[in-house]
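# Working through the structure, step by step
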Amino acid sequence: MPARITGLSTRLITVPLLRSWGSEAPENHVIVTELTTDDGGTGHGFSWTPTIGPQAVKALLDNDIAPFIVGLEANAEIVWDQLWKRLHEAGGGGLTTIAMAGVDLALWDLQARKAGSSITGLLGQRQESVQVYGSGVNLHYSLEQLVEQAQRWVAAGHNAVKIKVGKPELREDAERVAAVRQVIGPDRLLMIDANQRWDLAHTFRALDVLGEFGLEWLEEPLRADDLWAYRRLRKHSPVPIALGENVHTIYRFRDFIEAEAVDIIQPNIVRVGGITPFRRIVELARANSIRVAPHLLPELSGQLALTLAEAVSVEDVEDACFEKLGILAEPSPVRIRNSRLSSTGRPGLGFEFAGKQPGPETAVPDSKGNRIEYSNS
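Residues numbered from 1 in each chain as written. Predicted model: local features only at pLDDT ≥ 70, side-chain atom pairs only at ≥ 80, totals over all residues. Heavy atoms only, no water.

### Examining the overall build of the protein chain
Broken down by element type, the protein chain carries 12 helices and 15 strands. For 377 residues, the compact-globule estimate of 2.2 N^0.38 gives 21 Å, and the protein chain sits close to it at 20 Å. Put simply, the protein chain has 377 residues, and 58% of those count as buried. In the protein chain, the share of contacts with a sequence separation of at least 24, taken over all contacts with a separation of at least 6, comes to 68%. Within the structure as shown, the protein chain displays about 15500 Å² of accessible surface, and the carbon and sulfur contribution to it stands at 47%. Here the protein chain holds 39 positive side-chain charges and 48 negative ones, and the gap between their average locations is 2 Å. (Helix = DSSP H or I, 4+ residues; strand = E, 2+ residues; numbered from the N terminus. Rg over C-alpha atoms; globule rule 2.2 N^0.38 Å. Buried < 20%, exposed > 50% of the residue type's maximum accessible area, 1.4 Å probe, protein only. Contact = heavy atoms within 4.5 Å. Areas by Shrake-Rupley, 256 points an atom, 1.4 Å probe, with all protein chains shown as cover. Lys, Arg positive; Asp, Glu negative; His and termini not counted. Charge placed at Lys NZ, Arg CZ, Asp CG, Glu CD.)

Quick look at the structure:
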């Protein structure tokens, strides 16, 4: 008899970023999940959001998802499809899929642990290592701070880097991109991310000015759901167009791909709902010869990247991984050396988050003295 789910518990960890992402995003939120089965198995997963909705995600998991999944067969693919249909009334993606990731990741963790394997080993490792590119949420940095960050990326051995653009004056964006290009030299890849700050007319003006710096891609210059504008942009852009961190379903990725509106897709494994939909989206992209570059969460996306048929680059925002934020009780499941990421082979997903606290809500310092806030279910 297949194992069946007997329970799901959650707890919220909020941790300040070592390098603030600006006044609107000074911290990150991780909703840790623990799933149990009737054969004594336990799976550990998480949902994640840097700004909006951590309490809403936790409430969705506690009040709507947990009661529904109890009694279901502990199979990630089966549970995901049933749960997505169940939650669709509340929205096909966004908070719903972010919450679903907490269940999906726990189920994959459970399966890998039962197999005595890492998630990379369970899914089949195809890459010995993958490239990591240096990234930063740095639009609020001064020019001097931005240059210093680029120098750190070069010293770390990164062969590709990404910076934010979207200053009020295009002249200032050009000055910053030029300065970073000068630091990293002509041979390293340089990507820019506008984080939906521009309209179509400004994007074309920006490409006229910034395109001369040899850009690998322009990321998300327009509102992420404006398919019409992206289709027009990609048709005329001299720079490859990347998007996907704010696209939540395979159907929406299909729309952008079929409209020939994107060159590189960037699914965030948590935002799309976990490993199950992420793998489906990657296969869709591969069938249409579209490049993939997973968004953020290198300790998770890096492990999945090692299982893909085609090599991809993994994003590592400076000092923002779980290990550096101090929320892991055990070593990271990945190792980054000389701009290459490899697996350490830890069982399951390899995440052991800091343990539960005695009270309903408290705050404790981690080993580096950072205040980490916890809220237990």
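### Examining the pattern of salt bridges
Under the criterion given, the structure shown has 21 salt bridges. The shortest N-O distance in the salt bridge between E219 and K162 comes to 2.8 Å. With a gap of 57 residues between them, E219 in strand β7 (residues 215-219) and K162 in strand β5 (residues 160-164) connect regions that are remote in the sequence. Of the two residues, E219 and K162, both sit in the buried class. Measuring nitrogen to oxygen at the nearest pair gives 4.0 Å for the salt bridge that ties R286 to E283. Placement of both R286 and E283 in helix α10 (residues 275-287) is noted, with a separation of three residues, approximately one turn of the helix. The class of R286 is partly exposed, set by a relative accessible area of 40%. Classification of E283 by relative accessible area gives partly exposed; the value is 43%. If you follow the salt bridges from partner to partner, you end up with R19, R152, E318, D319 and K324 in one network. (Salt bridge = Lys/Arg side-chain N within 4 Å of Asp/Glu carboxyl O.)

### Quick word on the packing of aromatic side chains
Across all of its chains, the model carries 10 aromatic pairs by this definition. Centroid distance F46 to F353: 5.7 Å. Interplanar angle 70°. Geometry classified as edge-to-face. With a gap of 307 residues between them, F46 in strand β3 (residues 42-49) and F353 in the loop between β13 (340-343) and β14 (361-365) connect regions that are remote in the sequence. Neither F46 nor F353 differs from the other in exposure class; each is buried. Between the aromatic rings of W84 and Y251, the centroid separation amounts to 5.9 Å while the plane-to-plane angle is 35°, which identifies the pairing as tilted. Note that W84 is positioned in helix α2 (residues 76-87) and Y251 in helix α9 (residues 250-258), a separation of 167 residues in sequence. Among the aromatic side chains, those forming a connected cluster through ring pairs are F46, F322, F351 and F353. (Phe/Tyr/Trp six-rings, centres within 6.5 Å; stacked < 30°, edge-to-face > 60°.)

### Some thoughts on the side chain of D173
Along the chain, D173 turns up in helix α6 (residues 170-184). One buried charged side chain, D173, makes no salt bridge at all; its nearest oppositely charged neighbour is R176, positioned 5.2 Å away. Ignoring any residue separated from it by four or fewer positions in sequence, one finds D173 in contact with L139, V165, G166, K167, W198 and L210.

### Concerning helix α5 (residues 143-156)
Spanning 14 residues, α5 covers 20 Å between terminal C-alpha atoms, matching the ideal 20 Å at 1.5 Å per step. Lining the buried residues of α5 we find β4 (130-135), β5 and α6. Positioned one or two residues after α5, G157 has a phi angle of 90°, which is positive. (Expected span 1.5 Å × (residues − 1).)

### Quick word on α9
Inspection of α9 places F253, F256 and I257 among the buried residues, and these make up the whole buried set. The buried side chains of α9 occupy one side of the element, clustering within an arc of 100° when seen end-on. Elements in contact with the buried residues of α9: α8 (227-236), β8 (241-243), β9 (264-265) and α10. In the stretch just after α9, E260 is the one whose phi turns positive, near 55°. (Arc of directions from axis to C-beta.)

### Here's the deal with the pairing of strand β1 (residues 5-16)
Counted residue by residue, β1 has nine buried out of 12 residues, so it is predominantly covered. Relative to strand β2 (residues 27-37), β1 runs antiparallel, the two sharing 11 bridges. Bridge pairing links T14 to H29 in β2. (Pairing = 2+ DSSP bridges.)

### Description of the environment of L341
Summarising the element assignment, L341 is placed in strand β13. Its relative accessible area of 0% is what places L341 among the buried residues. L341 sits 39 residues away from G302 along the chain, and the two C-alpha atoms are 6.7 Å apart. If sequence neighbours within four positions are ignored, L341 has contacts with E128, S129, V130, V132, P298, G302, Q303, L306, V334, R335 and I336.

### Quick look at the confidence of the model for the protein chain
When the pLDDT values of the protein chain are averaged, the result is 93; 94% of them are 70 or greater. Low confidence marks residues 357-371, where pLDDT is under 50. Its contacts with residues over four positions away, or in another chain, come to 29 contacts. (pLDDT = per-residue confidence, 0-100.)

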